[in-house]
Amino acid sequence: INLILFLISVMDLLPEIKIDNFKPFLEYGINRPLLGSIYIVTINILPIFALLIIPKKQILENKHYKKYFFFNYILIIIVMLITLVDVIGNLGIELTSNYQYPEYIVLKRISIFNFLDRIENVLVIQWIFGIFITISMVVYYLSNSIKYNHQNEIIDHLLKEETSIMID
């Protein structure tokens, strides 16, 4: 569903991209884009460590998981690049930096078959699915990493404080 919604938005926005919105390219030299790419890679690699909660023995086809993992990572980078080109190509750098959610503003321009307008709220469902998957991974991580046992003094102490506050 996410892929279909993404393809609808990309295909409808591609004809509206203006090359002039990307100019001047490398105005401040190559250092700023290289530093920005290092930031992007760092930001995208850090959440991957949350996947380490899943034990390797629970992965059914653990022979191929590195290949699938690499393929998905490359796919996500391509999707991010396409989104960036769509947003900056349609709005320009100045408007993109001024809006709080420029991706949503760009989605307002989509019109399917020239009569289906205002479908940006339907296309935003892909963001809701992404948030749901992220929250599910966080809950799974927390439920597997925090195990309650009677020998854990910190949790026992917190539970005693909570019950004493409720009684008061």
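Every residue gets a number counted from 1 within its own chain, in the order that chain's sequence is written. In view of the model being predicted, local features appear only for residues whose pLDDT reaches at least 70, and side-chain atom pairs are presented and counted only at 80 or more, with totals across whole chains, interfaces and linings using the full set of residues. As a rule here, side-chain values come from all non-hydrogen atoms in the structure, and water together with hydrogens is ignored.

A.B. asks: Honestly, the overall build of the protein chain in this entry has me stumped. Any pointers?
C.D. replies: Only DSSP runs of H or I with at least four residues qualify as helices, and only runs of E with at least two residues qualify as strands; both kinds are numbered from the N terminus onward. Regarding its fold elements, the protein chain presents eight helices and zero strands. Secondary structure elements in the protein chain, listed N-terminal to C-terminal, are α-α-α-α-α-α-α-α. Throughout, exposure labels follow a simple rule: accessible area from a 1.4 Å probe, protein chains only, divided by the maximum for the residue type, with under 20% read as buried, over 50% as exposed, and the rest as partly exposed. Looking at the protein chain as a whole, 18% of its 168 residues qualify as buried. Contacts: residue pairs with any heavy atoms within 4.5 Å of one another. Here the contacts in the protein chain between residues at least 6 apart in sequence split such that 58% fall between residues at least 24 apart. Surface exposure of the protein chain reaches about 13700 Å², of which carbon and sulfur atoms provide 69%. Here the Shrake-Rupley method, with its probe set to 1.4 Å, supplies the accessible areas, and only the displayed protein chains count as covering residues.

A.B. asks: Please explain the nonpolar core as it appears in this structure.
C.D. replies: Across soluble globular proteins, you tend to see nonpolar side chains buried next to one another. What makes a nonpolar core is a set of buried Ala, Val, Leu, Ile, Met, Phe, Trp, Tyr and Cys residues whose side-chain atoms join them at distances within 4.5 Å. In terms of nonpolar packing, the biggest core is built from 11 residues, these being Leu5, Leu13, Val87, Leu91, Val106, Leu107, Ile110, Ile112, Ile119, Leu123 and Val124. When sequence neighbours within four positions are dropped, the list of residues in contact with isoleucine 112 reads Ile8 and Ile119.

A.B. asks: Looking at this structure, how should I read a nonpolar patch on the surface?
C.D. replies: In this analysis, a patch consists of residues with relative accessible area above 30% that form no salt bridge, clustered at 9 Å for like charges and at 5 Å for the nonpolar side chains Val, Leu, Ile, Met, Phe, Trp and Tyr. Only one rule defines a salt bridge in this text: a Lys or Arg side-chain nitrogen within 4 Å of an Asp or Glu carboxyl oxygen. On the surface, a nonpolar cluster with roughly 450 Å² of combined accessible area is contributed by Ile1, Val122, Ile125, Ile128 and Phe129. Of the residues forming the nonpolar patch, the biggest block, three residues, is contributed by helix 7 (residues 125–145). As for its placement among the helices and strands, phenylalanine 129 is situated in helix 7.

A.B. asks: What exactly am I supposed to notice about helix 1 (residues 2–13) here?
C.D. replies: A turn of α-helix holds 3.6 residues, and therefore any two residues three or four places apart point the same way. Residue count minus one, scaled by 1.5 Å, sets the expected span of a helix. Taking 1.5 Å of rise per residue, the 12 residues of helix 1 would be expected to cover 16 Å, and the 17 Å separating its terminal C-alpha atoms lies within 8% of that figure. Of the positions making up helix 1, those classed as buried are Leu5, Phe6, Ser9, Val10, Asp12 and Leu13. Buried residues along helix 1 sit in contact with helix 3 (65–91), helix 5 (102–107), helix 6 (120–123) and helix 7.

A.B. asks: Teacher, can you tell me more about the packing of helix 1 against helix 7 here?
C.D. replies: Helices that pack against each other are described as a pair by the angle of their axes relative to one another and the distance between those axes. The contact between helix 1 and helix 7 brings their axes to 9 Å, and the two run at 145 degrees. Crossing of helix 1 over helix 7 shows left-handed handedness. Packed against helix 1, whose contacting residues are Asn2, Leu5, Phe6 and Ser9, the element helix 7 presents Ile125, Gln126, Phe129 and Gly130 at the interface. In this classification, Asp, Glu, Lys and Arg are treated as charged, Ala, Val, Leu, Ile, Met, Phe, Trp, Tyr, Cys and Pro as nonpolar, and every other residue, Gly included, as polar. When the residues that make up the contact of helix 1 with helix 7 are grouped by side-chain class, the tally is four nonpolar, four polar and no charged. Here an angle of 0 to 180 degrees is reported between the N-to-C directions of two axes, which are lines fitted to C-alpha atoms, with helices fitted over the stretch in contact. Crossing chirality is assigned from the near helix's rotation relative to the far helix, an anticlockwise turn below a right angle marking it left-handed and a clockwise turn marking it right-handed.

A.B. asks: Explanation requested: the side chain of asparagine 90 in the structure shown.
C.D. replies: Looking at the element boundaries, asparagine 90 is found in helix 3. Setting aside residues no more than four positions away along its own chain, asparagine 90 makes contact with Leu13, Glu16, Ile17, Asn21, Val106 and Arg109.

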